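# Descriptive analysis of the structure
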Amino acid sequence: MQTKAYAAHASSSPLAPFSLDRREPGADDVAIDILYCGVCHSDLHAARGEWPGMRFPMVPGHEIVGRVTAVGDEVTAFKPGDIVGVGCMVDSCGECPSCEEGDEQYCEGEHGFIQTYNGAMKGGGENTFGGYSGSIVVKDSFVLKIRHKEADLAAVAPLLCAGITTYSPLRHWGIMPGEKVGIVGIGGLGHMGIKLAHAMGAHVVAFTTSPSKREAALALGADEVVVSRDPAEMAAHAGTFDFILNTVAASHNLDAFTALLKRDGTMTLVGVPSEPHPSPNVANLIFSRRAIAGSLIGGIRETQEMLDFCADHGIVADIEMISMQDIDAAFDRMLKSDVKYRFVIDMETLKQAA
Ligand code: NAP
Ligand code: ZN
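Residues numbered from 1 in each chain as written. Chains lettered and ligands numbered in written order. Predicted model: local features only at pLDDT ≥ 70, side-chain atom pairs only at ≥ 80, totals over all residues. Heavy atoms only, no water.

### Notes on the site of ligand 1
For ligand 1, the set of nearby residues contains 29 residues, the closest of which are His41, Thr208, Thr209, Ser210 and Arg342. One of the side-chain nitrogen or oxygen atoms of histidine 41 is found 2.6 Å away from an oxygen atom of ligand 1. Serine 295 has a polar backbone atom sitting 3.0 Å from a nitrogen atom of ligand 1. In isolation ligand 1 has 910 Å² of accessible area, and contact with the protein removes 90% of it. Broken down by secondary-structure element, the contributors of at least two residues to the shell around ligand 1 are helix 1 (41-47) and helix 5 (188-199). (Near = heavy atom within 4 Å. Polar contact = N/O pair within 3.5 Å; in protein donor to acceptor, adjacent residues only side chain to side chain. Areas by Shrake-Rupley, 256 points an atom, 1.4 Å probe, with all protein chains shown as cover. Helix = DSSP H or I, 4+ residues; strand = E, 2+ residues; numbered from the N terminus.)

### Brief notes about the environment of isoleucine 315
Here isoleucine 315 lies in the loop between helix 10 (300-313) and strand 16 (319-322). Considering only alpha carbons, one finds isoleucine 315 and glycine 163, 152 residues apart in sequence, at a separation of 9.7 Å.

### Some details on the nonpolar core
If you look at soluble globular proteins, the nonpolar side chains tend to sit buried side by side. Within the largest apolar cluster, 99 residues are counted, with the highest numbers of intra-cluster contacts made by Val39, Tyr132, Ile194 and Ile327. In this structure isoleucine 194 touches Ile183, Ile186, Val204, Ala206, Ala217, Leu220, Gly221 and Ala222, once residues within four positions along its chain are discounted. Within the second largest apolar cluster, 13 residues are counted, among which are Val205, Val226, Ile244 and Leu260. (Core = buried A, V, L, I, M, F, W, Y, C linked by side-chain atoms within 4.5 Å. Buried < 20%, exposed > 50% of the residue type's maximum accessible area, 1.4 Å probe, protein only. Contact = heavy atoms within 4.5 Å.)

### Section: the coordination of the zinc ion (ligand 2)
Metal coordination angles have textbook ideals: 109.5 degrees for a tetrahedral set of four donors and 90 or 180 degrees for an octahedral set of six. Protein-derived coordination of the zinc ion (ligand 2) comes from Cys40 (SG), His62 (NE2) and Cys161 (SG), at a distance range of 2.0 to 2.2 Å. Read in sequence order, the donor residues for the zinc ion (ligand 2) give the motif C-x21-H-x98-C. With cysteine 40 in the loop between strand 3 (29-38) and helix 1 and cysteine 161 in the loop between helix 3 (153-156) and helix 4 (162-172), this residue pair connects regions lying 121 residues apart in the sequence. A residue is classified by how much of its surface remains accessible, and cysteine 161, at 4% relative accessible area, is buried. (Donors = N, O, S within 2.8 Å, 3.2 Å for Na, K, Ca; no water.)

Here it is as structure tokens:
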């Protein structure tokens, strides 16, 4: 099944029209017409070759919402017409301890989990192509159910990566109502972190390098906003945070944030900058038993839990809709932190692409 797509042909070239073949749905596959795809900073890192191991041509996109067009004989959970989601994973070994515990993103199998794009298919060197395309075929156990109303579907797409990547650490570190939680970097991930932590009842403090986002962060649900480049504003919060979720996509000084944690507090990093952060000051950690941790997206069961939590709490992303043709301009604006807060591609516009 041929489908139109947009691909990066090399790390130095802009994305351009591309055509690719999707496999015929097998017994446990779901075929999906893609309606919307969010634009994650990871798409930019990957398409511009900022990470090692990138394969070209590359069709990015792992925040996919679409409509089921066909299902294999053994699929019982989905039927044609259903609205579904696909996130960052399309397969995993299914047998290792991580997979058995529902943490497929930490799959310990030979190939690790199979990424929605730039992920070799099981057993072969063949690549996977993501959501900047007209359709996709995905194993049923990696397809998510969406309960949000039809009018919200474009704004649901970013939940498939930005939503789960912030929800999972907030749950894993057991955020309780009233706890003081910092969210660093108010972009695609960070704005979801504010909404989710607020819905979990936390006292949320947004850290931004963009003073222009102050009012907007309050509107998203932050109780306080700190401009992280202002040392006096930072010092006022020293030693007070239970948890900090750091979503910044660039190398920066972590000590400024670890100093804000309480004794036994944790700062979890989810941003994956192309250059390493400066080495953290270990005394900052040792003298208050503070921790720096990391977290990768979330498992399929937890992604479904997050989607249901968002449907129950009326949570969607704040988005700016773009045409497929505008993707490189969107990447450039994302680099300048100039998006409130997630670009979403209307895949209808792909039909007009050459
Ligand atoms: P994004 O929309 O570009 O947001 C990143 C935010 O970080 C910016 O809006 C900006 O917020 C802040 N920032 C940017 N440059 C900065 C700098 N030099 N110093 C301090 N703050 C800076 O990106 P995103 O899509 O949310 O992704 C964020 C990162 O998470 C990326 O590295 C992405 O690859 C990674 N990611 C990881 C996972 C995972 O599973 N761990 C999943 C998805 C994405 P302010 O304007 O508020 O300062
Ligand atoms: Zn992502």
